[in-house]
Amino acid sequence: MKITFHKEQNHADADNAAEGFSPSRRTLLKGMGALTFALTVGANGIVRTATAEEIKKYGGDAMPGGLVDNPLVFVSVGSDGIVSIVVHRSEMGQGVRTGLPLVVADELEADWSKVRVVQANADEKKYGSQDTDGSRSMRHHFKTMRHMGASMRTMLETAAATQWNVPVGEVKARNHEVVHAKSGRRIGYGALAEAAAKLSPPDVSTLRMKKPNEFRYIGKQDVRGIDFSDIVTGNTHYGIDTHLPGMLYAVIARPQVLGGKVASYDASAAMKVPGVVKVVQLAGSPPPTYFNPLGGIAVIASNTWAAMKGREALKITWDDGPNARYDSVEFKKTLEEAARKPAKAVRNDGDAVKAIADATRRIDAEYYLPHIAHATMEPPAAAARIVDGKCEVWACVQAPQATHDLVSKHLGIKPEDVTVHVTLLGGGFGRKSKPDFAVEAALLSKAMDGKPVKVTWTREDDIHNDYFHTVSVEHMEAALDKSGKPTAWLHRTAAPTIGALFSPGAKMQLPFELGMSAVNIPFAIPDFRVEVPEVEAMTRVGWFRSVSNIPHAFAVQSFVAEMAAAAKRDHRDYLLELIGPSRKIDPHKMADDWNYGESPQVYPLDTARMKNVIQLACQKAKWGRKLPKGHGLGLAVSYSFVTYVATVIEVVVADNGEISIPQVDIAVDCGPQVTPDRIRSQVEGACIMGLSLAMTGEITFKNGRAEQSNFHDYEVMRSFAAPRDIRVHIVPHDFDVPLGGVGEPATPPIAPALCNAIFAATGKRIRTLPIRDQLKST
């Protein structure tokens with residue numbers, strides 16, 4: 001896996017705005033003075049200087065492996081007419097195994113009922129970028145999928161024209177066959193398959209691409225999902241489902257403190273548990289841990305239950321190391337102290353510090369968000385076997401190539417001797433981009449002389465040893481004029497950085513984290529300053545659905561609502577006025593050199609689109625309507641993953657403080673829609689997740705260990721607490737703007753909209769998440 005740090009980029013013109021670009025695999029930004037440089041971190045942890053060519057690329061072109069649009073790699077047609085399309089991205093519920101083949105099939109003029117999907121193994125050289133996160137699968141690959149469909153269609157048309165001895169311009173593919181209108185002849189794809197496969201793909205510049213009004217599947221509501229029937233009937237293969245002949249099963253006792261290790265252990269009792277075969281010690285990975293295993297003691301058995309009982313019988317003495325001092329209560333004080341002192345400015349327009357100091361009217365607030373666990377419904381699971389020095393891995397991973405490279409490194413075998421089979425993922429949210437669990441399976445197979453071994457993480461393992469979403473304190477200050485409008489803005493964001501996974505002693509949020517709703521705020525405020533203090537990471541911090549947009553957007557959108565209330569203004573009107581006139585802003589002018597890895601020319605921040613989703617959500621929610629006592633409407637907006645989302649939540653707060661949510665209206669502008677039904681489902685899921693995090697999501701630490709262990713104390717939203725009605729309003733586009741992300745952007749505005757609604761209903765401000773019992777009557 002490769003992570004690129006950029007300070008400044010040479011901006012190349014994008015080749016097609018309507019087809020879009022997107023960020024490199026978790027592109028991280030790190031500046032050093034005025035120097036232009038880039039560092040690349042390989043799977044072996046070695047840092048090298050990136051080339052100028054790597055620096056200037058955007059979107060899919062900037063990803064490791066880049067973009068591949070060779071139809072002979074991704075598409076094949078059988079003699080029976082069945083079209084097989086390779087999907088090189090990981091499916092975790094977002095619908096990518098339907099969406100990407102659907103684009104190919106549309107340009108190919110294929111009959112959707114005759115399309116089959118083949119999941120790609122890890123092979124970036126062959127397929128291009130495979131890392132599935134950052135809400136970018138469709139916006140990166142829409143263009144290449146179209147090219148491959150059109151290329152294969154052209155090859156089939158050429159084969160038919162050759163067979164009939166007519167000009168290729170006289171034939172046309174229609175619904176899985178090629179037609180010669182002049183003679184009335186027609187021939188199915190299956191009959192042309194062998195001849196077409198012998199042709200070289202045409203040059204992309206010569207392809208006739210469909211116009212949007214010719215699309216049969218793209219943008220349509222009624223396309224059958226490839227896996228839907230199998231998923232609901234249990235006929236699919238998730239990572240945890242893998243079963244191989246002669247397979248053994250393992251669970252691992254891992255250090256629960258970052259940097260901890262085994263001091264000593266006694267496995268004699270574990271070996272007496274029926275079914276236990278062997279106990280193996282795994283070496284750990286001191287910080288920075290990257291995606292390496294944490295180490296510990298593995299119990300290998302003939303079944304998972306026996307392995308779990310054997311683990312319970314282990315007697316382990318742990319050396320917890322320096323992070324045993326990690327305590328959430330004390331660390332919150334550390335964050336607050338850091339957030340209340342001047343720090344490094346990462347955006348500085350005008351002189352906000354002086355303007356606020358000189359102001360006759362000021363407002364300030366501070367917001368706290370705890371660590372959050374991914375808690376995917378399918379915990380991490382992987383199986384591996386080694387035969388004749390070659391390793392095969394089956395795993396529910398978002399990062400196939402990183403998995404491949406790390407297995408090769410840890411086993412000490414050649415990369416070409418590793419095969420990674422990607423299964424379906426029962427949820428990902430960024431956790432399964434870190435394939436430590438797959439490496440564990442490979443190491444244990446090696447310890448068992450190559451026998452297949454499946455490693456299963458229990459829910460307790462998953463929560464105790466997660467790559468947690470960061471904890472943060474967001475400190476906000478503003479100067480207000482006589483009308484209550486802000487003239488100066490200060491945001492100081494204190495949080496451990498994801499960079500600590502990769503760099504020893506990393507203590508400051510990286511520019512990519514700050515480019516998530518901290519620096520890239522398009523408010524018309526003359527004096528605007530964002531600061532970031534140094535904060536130590538004392539547990540593994542990784543990316544989570546929408547990453548740093550969650551704390552930043554919560555603070556920004558809550559603070560706007562507080563300013564509107566202080567000014568005695570309607571929140572919607574105040575927010576629209578704060579955004580100011582419609583304009584397209586170069587992200588660099590807001591000190592955002594990242595912009596989700598996208599070209600600033602193709603993806604400027606468009607305030608007209610931002611204001612439009614605000615107005616649409618408010619219109620659908622009937623903003624301003626009279627509500628009964630205890631009811632309130634709350635609003636928030638967010639720009640993330642180059643998509644605009646506004647949310648209005650109606651909340652009811654009972655006399656005893658219990659919260660119910662009758663309705664949520666979410667307006668989404670993600671550019672053109674390829675699979676509208678999946679967009680809707682992703683937004684609905686993001687809404688539930690956002691509400692869950694706001695209401696109950698919290699991981700706390702004591703003596704370096706996560707205190708929560710399962711869903712009884714790390715609660716996710718239950719069905720009875722879910723909104724009665726989630727209404728998703730998608731802004732229509734006809735490829736007049738580039739594609740945006742979908743999987744993550746609806747999450748950030750949920751918590752602030754909910755808390756703003758609570759204030760409207762009760763007059764009580766929520767500045768600390770989760771809400772839990774803060775509204776309960778005493």
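Residues numbered from 1 in each chain as written. Predicted model: local features only at pLDDT ≥ 70, side-chain atom pairs only at ≥ 80, totals over all residues. Heavy atoms only, no water.

Within the chain, the secondary structure is distributed over 20 helices and 32 strands. Against the globule reference of 28 Å for 778 residues, the chain gives a C-alpha radius of gyration of 27 Å, in line with a compact fold. Dimensions along the principal axes, computed over C-alpha positions, put the chain at roughly 85 × 75 × 55 Å. By residue count, 63% of the 778 residues in the chain fall in the buried class. If you take every contact in the chain between residues at least 6 apart in sequence, the share linking residues at least 24 apart comes to 78%. When the accessible surface of the chain is summed, it comes to about 28500 Å², and 50% of that surface belongs to carbon and sulfur atoms. Averaged over its 91 positive side-chain charges, the chain has a centre that lies 1 Å from the centre of its 87 negative ones. (Helix = DSSP H or I, 4+ residues; strand = E, 2+ residues; numbered from the N terminus. Rg over C-alpha atoms; globule rule 2.2 N^0.38 Å. Buried < 20%, exposed > 50% of the residue type's maximum accessible area, 1.4 Å probe, protein only. Contact = heavy atoms within 4.5 Å. Areas by Shrake-Rupley, 256 points an atom, 1.4 Å probe, with all protein chains shown as cover. Lys, Arg positive; Asp, Glu negative; His and termini not counted. Charge placed at Lys NZ, Arg CZ, Asp CG, Glu CD.)

Bringing the packing of aromatic side chains into the picture now. By the definition in use, this model includes 21 aromatic pairs. Ring centres of Phe 512 and Trp 594 lie 5.6 Å apart, and the angle between their planes is 85 degrees; on these two criteria the pair is classed as edge-to-face. In this pair, Phe 512 is assigned in helix α15 (residues 511-514) and Trp 594 in the loop between β25 (584-585) and β26 (605-606), connecting sequence segments 82 residues apart. Of the two residues, Phe 512 and Trp 594, neither departs from the other in class, the shared state being buried. When the ring centre of Tyr 368 is taken as origin, the NZ or CZ atom of Lys 332, which lies over that ring, is 5.1 Å away. Directly above the ring of Phe 759 sits Arg 765, whose terminal nitrogen or CZ lies 3.5 Å from the centroid. (Phe/Tyr/Trp six-rings, centres within 6.5 Å; stacked < 30°, edge-to-face > 60°. Lys NZ or Arg CZ within 6 Å of the ring centre and 35° of its normal.)

Tallied over the full model, the rule gives six cavities of 30 Å³ or more. Lining the largest cavity we find Ser 517, Asn 520, Ile 521, Pro 522, Phe 523, Ala 553, Val 556, Gln 557, Met 610, Val 637, Ser 638 and Tyr 639. Counting only elements with at least two residues in the lining of the largest cavity, the list comes to α16 (549-566) and β27 (631-640). For the lining of the largest cavity, the per-class residue count stands at eight nonpolar, four polar and no charged. In this model, the second largest cavity occupies a volume close to 100 Å³. (1 Å grid on protein atoms, 1.4 Å probe; cavity = no way out; pocket = protein on both sides within 12 Å on 5 of 7 lines; lining within 4 Å. Points joined across faces, edges and corners; volume = space filled by probe spheres on them. Nonpolar A, V, L, I, M, F, W, Y, C, P; charged D, E, K, R; others polar.)

On a regular strand, each side chain points to the face opposite its neighbour's, so the side chains alternate between the two faces of the sheet. In terms of burial, strand β11 (residues 248-253) is a largely internal element, six of the six residues being buried. Taking every second residue as pointing to the same face, both faces of β11 are buried, with Leu 248, Ala 250 and Ile 252 on one and Tyr 249, Val 251 and Ala 253 on the other. With three bridges joining them, β11 and strand β21 (residues 453-456) adopt parallel strand pairing. In the sheet register, Ala 250 faces β21, and the bridge partner there is Val 455. Relative to strand β14 (residues 296-301), β11 is paired through five bridges, and the arrangement is antiparallel. (Pairing = 2+ DSSP bridges.)

Among the nonpolar cores identified, the biggest contains 163 residues, and Leu 444, Trp 489, Phe 523, Met 563, Ile 614 and Leu 754 are the most heavily contacted of them. At nine residues, helix α19 (residues 676-695) tops the list of elements feeding residues into this core. Not counting residues up to four positions away in its chain, the partners in contact with Leu 444 are Ala 250, Ile 252, Val 280, Leu 282, Ala 298, Ile 300, Val 453 and Val 455. (Core = buried A, V, L, I, M, F, W, Y, C linked by side-chain atoms within 4.5 Å.)

Two side chains that carry opposite charge are able to pair once their charged atoms sit near each other. On inspection of all chains with the given rule, the structure shows 44 salt bridges. A salt bridge links Arg 153 to Glu 107, with the shortest nitrogen-to-oxygen separation between them at 2.9 Å. Remark: Glu 107 occurs in helix α3 (residues 96-108) and Arg 153 occurs in helix α5 (residues 137-164); sequence separation between them is 46 residues. Given the relative accessible area of 1%, Arg 153 is considered buried. Since its relative accessible area comes to 0%, Glu 107 is described here as buried. With a closest N to O distance of 3.2 Å, Glu 337 and Lys 341 form a salt bridge. For Lys 341, a relative accessible area of 44% translates into the label partly exposed. Among the charged side chains, a network of salt bridges with common partners joins Asp 106, Glu 109, Lys 210 and Arg 216. (Salt bridge = Lys/Arg side-chain N within 4 Å of Asp/Glu carboxyl O.)

Here the focus is the side chain of Asp 606. On the secondary structure map, Asp 606 appears in strand β26. Apart from residues lying up to four places away in sequence, Asp 606 is in contact with Arg 583, Lys 584 and Tyr 644.

This part covers the pairing of strand β10 (residues 185-188). Two strands pair when backbone bridges link them, and strand β9 (residues 177-180) and β10 are joined in this way by four bridges, in the antiparallel orientation. Residue Val 179 lies in a different strand from β10, and its bridge partner there is Arg 186. The antiparallel hairpin formed by β9 and β10 contains four residues in its connecting segment, where Gly 184 sits at a positive phi of about 80 degrees.

Another point: the sheet that holds strand β8 (residues 171-174). Read from one edge to the other, the open sheet built from three strands follows the order β8-β9-β10, with strand pairing classed as antiparallel. Bordering the open sheet on either side are β8 and β10, each of which pairs with just one other strand. Ignoring strand direction, the axes of neighbouring strands in this sheet form an average angle of 25 degrees. Against the sheet, helix α6 (residues 189-197) engages β8, β9 and β10, with an angle of about 75 degrees to β10. (Axes fitted to C-alpha atoms, helices over the stretch in contact; angles between N-to-C directions.)

This brings us to the packing of α3 against α5. The N-to-C vectors of α3 and α5 enclose an angle of 35 degrees; their axes lie 6 Å apart at closest approach. Where α3 crosses over α5, the handedness of that crossing is right-handed. Where α3 approaches α5, its residues Val 96, Gly 99, Leu 100, Val 103, Val 104, Glu 107 and Leu 108 are matched on the opposing element by Ser 137, Met 138, His 141, Phe 142, Met 145, Arg 146, Gly 149, Ala 150, Met 152, Arg 153 and Leu 156. The residue makeup of the contact of α3 with α5, split by class, is eleven nonpolar, four polar and three charged. (Left-handed = near helix turned anticlockwise from the far one by under 90°.)

Our next topic: α3. A rise of 1.5 Å per residue sets the reference length of α3, with its 13 residues, at 18 Å; its end C-alpha atoms lie 18 Å apart and thus fit the reference within 8%. Counted residue by residue, α3 has 13 buried out of 13 residues, so it is predominantly covered. Looking one or two places after α3, you find Glu 109, whose phi comes out positive at around 60 degrees. (Expected span 1.5 Å × (residues − 1).)

With glycine set apart, most residues show a phi of negative sign, and most peptide bonds adopt trans. With an omega of 0 degrees, the peptide bond between Pro 287 and Pro 288 qualifies as cis. Its place among the elements puts Pro 288 in the loop between β13 (276-282) and β14. The omega torsion of the bond from Leu 769 to Pro 770 falls at 0 degrees, within 30 degrees of zero and hence cis. Tracing the backbone through its elements, the reader meets Pro 770 in the segment after α20 (750-762). The phi dihedral of Lys 568 falls on the positive side, at around 55 degrees, and the residue is not glycine. Relative to the helices and strands, Lys 568 is located in the loop between α16 and α17 (571-579). With relative accessibility at 77%, the residue Lys 568 sits in the exposed group.

Once that is clear, we can look at the sheet that holds β11. Spatially, seven strands are ordered β13-β14-β11-β21-β18-β19-β20 in an open sheet, and the strand pairing comes out mixed. Of all strands in the sheet, those bounded by a partner on one side alone are β13 and β20 (418-422). Along the sheet, successive strands turn relative to each other by an average axial angle of 20 degrees, direction set aside. Helix α9 (residues 304-313) contacts β11, β13, β14 and β21 of the sheet and is inclined by roughly 30 degrees relative to β11. The strands touched by helix α13 (residues 436-447) are β11, β13, β14, β18 (381-387), β19 (390-395) and β21; relative to β18, the strand with the most contacts, the crossing angle is about 35 degrees.

Of note, Lys 622 is situated in the loop between α18 (607-621) and β27. Its relative accessible area of 57% is what places Lys 622 among the exposed residues. With 26 residues separating them along the chain, Lys 622 and Val 648 place their C-alpha atoms 9.6 Å apart.

Residue position: Thr 647 is located in strand β28 (residues 643-653). Once residues lying within four places of it in the same chain are set aside, the contact partners of Thr 647 are Gly 634, Leu 635, Ala 636, Val 664, Asp 665, Ile 666, Pro 749, Ile 750 and Ala 753.

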